[in-house]
Amino acid sequence: MPESEPKSQETERAVFKIFIRGTIDAVWREITKTDEVLSCFFNMWLDTTGLKPGAPLRMRTKSRKYTGAVGEVIEFEPPHRYSHTFRFTQFDDPPCRVTYELKPVEGGVEFTMILDDLPKGTKTAKQMTQGGTMIVNTLKAIVETGRPSFGVRFLYNVVFPLTEPFSPKSTRSENWPL
Amino acid sequence: MTPDSMNHVFEALAHPVRRKILDVVKDRPGCSVHEVCDFFEISRIAVMKHLRVLARAELIVSRKEGRTRELYFNAVPIQMIHERWTTDYSALWASGLTRIKYRIESMQPRSGTKRQAEKTTEAPAPLQRKRRA
């Protein structure tokens, strides 16, 4: 595709679904809390002016020095549905959309994460689809066992602190105010 | 994952047609039942039956968009099987080993060795859309 092509980017959708043994409120809290880092989303802080449609979102690292992703709330209907736009700060791809659906079922919650408008063939699409399985699995582990799996904890406690200082300058939080 | 739901996953994966349906849907997120049927000689009803088994195992998620039904591959149950039997260390080594396996296999001559013949019965790559009558 020539580079001058206007943004008629082909997009795709991905769906991740998992059953979680726990209450709907516990699951809802894990994806929306702002008083602790979100262990299911790569141990990042969710910074926002208040979760309601139109409000900006910033996903910041544990030290809050870097901002990994930015977006805006589209729908916010506790504890069943939440949707927001999403864009990685280090890629120049158009934003995609993330929707979480929580449905109470016997013995727990059916959790579905839908990724929409993924720009086909981009780094964003790749990272989002790879990250999706990890996010829903980690969410399940946290709600059911109180913490992420060993591998994910290793990633958060050992790998992230080592790699964070090498994040691109453009992702520094001062470039991404609320 | 409950013992019951894991049974559903293994039951779903136990049939070659259902595994092939997963290949088809994985490559075409959001495809319709109709599109899936194009890849198989069996009846639409049989395909629907297989899809129901896959949906029960949550390997396929179907979402209604207006009048149509869109199918998506859900990798989560597969990941859970993986996590059940691989500790975090063994996973690292095992994935290294499977990488080596795929690399070596891809280096083998393509012409009709026995191994190759066996492989083609279920290789995901050479999926061909059935020509419409």
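The residue numbers shown here count from 1 along each chain, following its written sequence. Going through the entries in the order they are written, you letter the chains from A and number the ligands from 1. For this predicted model, a pLDDT threshold of at least 70 governs which residues receive local features, and a threshold of 80 or more governs which side-chain atom pairs are given and counted, while totals over whole chains, interfaces and linings are taken from all residues. With hydrogens and water excluded, all non-hydrogen atoms of the structure serve as input to the side-chain values.

Undergrad: Summarise the overall build of chain A; cite the residues concerned and give the values.
TA: Counting secondary structure elements, chain A contains three helices and seven strands. Every helix listed is a DSSP run of H or I at least four residues long, and every strand listed is a run of E at least two residues long, numbered separately from the N terminus. Along chain A, helices and strands appear, N-terminal first, in the series β-α-β-β-β-β-β-β-α-α. Over its C-alpha atoms, taken along the principal directions, chain A stretches across nearly 55 × 35 × 30 Å. Note on classification: 1.4 Å probe, protein chains only; a residue is buried when its accessible area is under 20% of the maximum for its type, exposed when over 50%, partly exposed between these limits. The buried share of chain A, reckoned over its 178 residues, is 48%. In chain A, the proportion of contacts linking residues at least 24 apart, taken out of those at least 6 apart, comes to 50%. Working definition of accessibility: Shrake-Rupley area with a 1.4 Å probe, residue cover restricted to the visible protein chains. Split by element, the accessible area of chain A, about 9100 Å² in all, is 54% carbon and sulfur. The criterion used for residue contact is that any of the two residues' heavy atoms lie within 4.5 Å.

Undergrad: Talk me through the overall build of chain B; I want residue IDs and the actual numbers.
TA: For chain B, the count of helices and strands is seven helices and two strands. For chain B, with 133 residues in total, the buried portion stands at 31%. Long-range contacts, defined here as pairs at least 24 residues apart, represent 57% of the contacts in chain B between residues at least 6 apart. By element, 57% of the accessible surface of chain B is carried by carbon and sulfur atoms, the whole surface being about 9100 Å².

Undergrad: Requested: an account of the environment of A:W176, with residues and values cited.
TA: All names here are of chain A. By the element assignment, W176 lies in the segment after α3 (150-163). In this structure the C-alpha to C-alpha distance between W176 and K126, which are 50 residues apart in sequence, comes to 23 Å. In contact with W176, not counting residues within four places along its chain, are R58, R60, T67, V70, R87, T89, S170 and T171.

Undergrad: Requested: an account of the sheet that holds strand β5 (residues 81-88) of chain A, with residues and values cited.
TA: All names here are of chain A. One bridge is not enough; two strands pair if DSSP finds at least two bridges between them. What the seven strands build is an open sheet, ordered β1-β7-β6-β5-β4-β3-β2; its pairing is antiparallel. Edge positions in the open sheet fall to β1 (11-20) and β2 (45-48), since each of these has one partner strand only. Looking at each pair of strands side by side, their axes are set apart by 25° on average, direction ignored. Sheet topology places strand β3 (residues 56-60) next to strand β4 (residues 67-77); five bridges connect them, and they run antiparallel. Among the inter-strand pairings, R60 is bridged to a residue of β4, identified as T67. All axes are obtained by fitting lines to C-alpha atoms, using only the stretch in contact for helices, and the reported angles, taken between N-to-C directions, cover 0 to 180 degrees. Contacts from helix α2 (residues 123-145) reach β1, β5, β6 (96-105) and β7 (108-119) within the one sheet, and its direction differs from that of β1 by about 10°.

Undergrad: Which residues make up the nonpolar core, and what are the values?
TA: Nonpolar core, defined: a set of buried Ala, Val, Leu, Ile, Met, Phe, Trp, Tyr and Cys residues in which side-chain atoms within 4.5 Å join the residues together. By size, the foremost hydrophobic cluster in this structure holds 41 residues, and its most contacted members are A:I31, A:Y82, A:Y100, A:L102, A:F111 and A:M113. Non-local contacts of A:Y100, meaning those with residues more than four positions away in its chain, are made with A:I31, A:F41, A:H80, A:R81, A:Y82, A:H84, A:F111, A:T112 and A:M113. With 24 residues, the next largest nonpolar core counts B:M6, B:V9, B:V36 and B:L51 among its residues.

Undergrad: Describe in detail helix α5 (residues 76-85) of chain B, supporting the description with residues and values.
TA: Every buried residue of α5(B) is listed here: B:V76, B:P77, B:M80 and B:I81. Along α5(B), the residues classed as buried sweep out an arc of 145° about the axis, all on the same side. Throughout, the arc means the angular range of directions from the helix axis out to the C-beta atoms.

Undergrad: So, the environment of A:T34: which residues are in play, and what are the values?
TA: All names here are of chain A. With respect to the helices, strands and loops of the structure, T34 is situated in the loop between α1 (24-32) and β2. Taking the relative accessible area as the measure of exposure, T34 reaches 41% and is therefore partly exposed. Note: C-alpha distance between T34 and W176 (142 residues apart in sequence) is 17 Å. In contact with T34, not counting residues within four places along its chain, are W45, L46 and T48.

Undergrad: Report on the side chain of A:K17, specifying residues and quantitative values.
TA: The topology assignment puts A:K17 in strand β1. Owing to a relative accessible area of 17%, A:K17 belongs among the buried residues under this scheme. With residues near it in sequence (within four places) discarded, A:K17 still touches A:E110, A:F111, A:T112, B:E58, B:V61, B:N74 and B:V76.

Undergrad: Tell me about the pattern of salt bridges, and please be specific about residues and values.
TA: By definition, a salt bridge exists where a carboxyl oxygen of Asp or Glu is found within 4 Å of a side-chain nitrogen of Lys or Arg. In the structure shown here, the tally under the stated rule is 21 salt bridges over all chains. Among the ionic pairs, B:E70 bridges to A:R13, the shortest N-O distance being 3.3 Å. Remark: A:R13 occurs in strand β1 and B:E70 occurs in strand β2 (residues 68-73); the pair is interchain, linking two chains. The residues B:E70 and A:R13 share a single accessibility class, namely buried.

Undergrad: Describe the pairing of β1(A), with residues and values.
TA: All names here are of chain A. Most of β1 sits inside the fold, with seven of its 10 residues counted as buried. The pairing of β1 with β7 spans nine bridges and is classified as antiparallel. Paired with T11 across the strands is P119, a residue of β7.

Undergrad: Kindly report on the confidence of the model for chain B, identifying the contributing residues and their values.
TA: What pLDDT expresses is the predictor's confidence in each residue, scored from 0 to 100. Scored by pLDDT, chain B has a mean of 80; 71% of the residues are at 70 or more. In the model, residues 112-121 of chain B has pLDDT below 50 throughout and makes five contacts with residues more than four positions away in sequence or in other chains.

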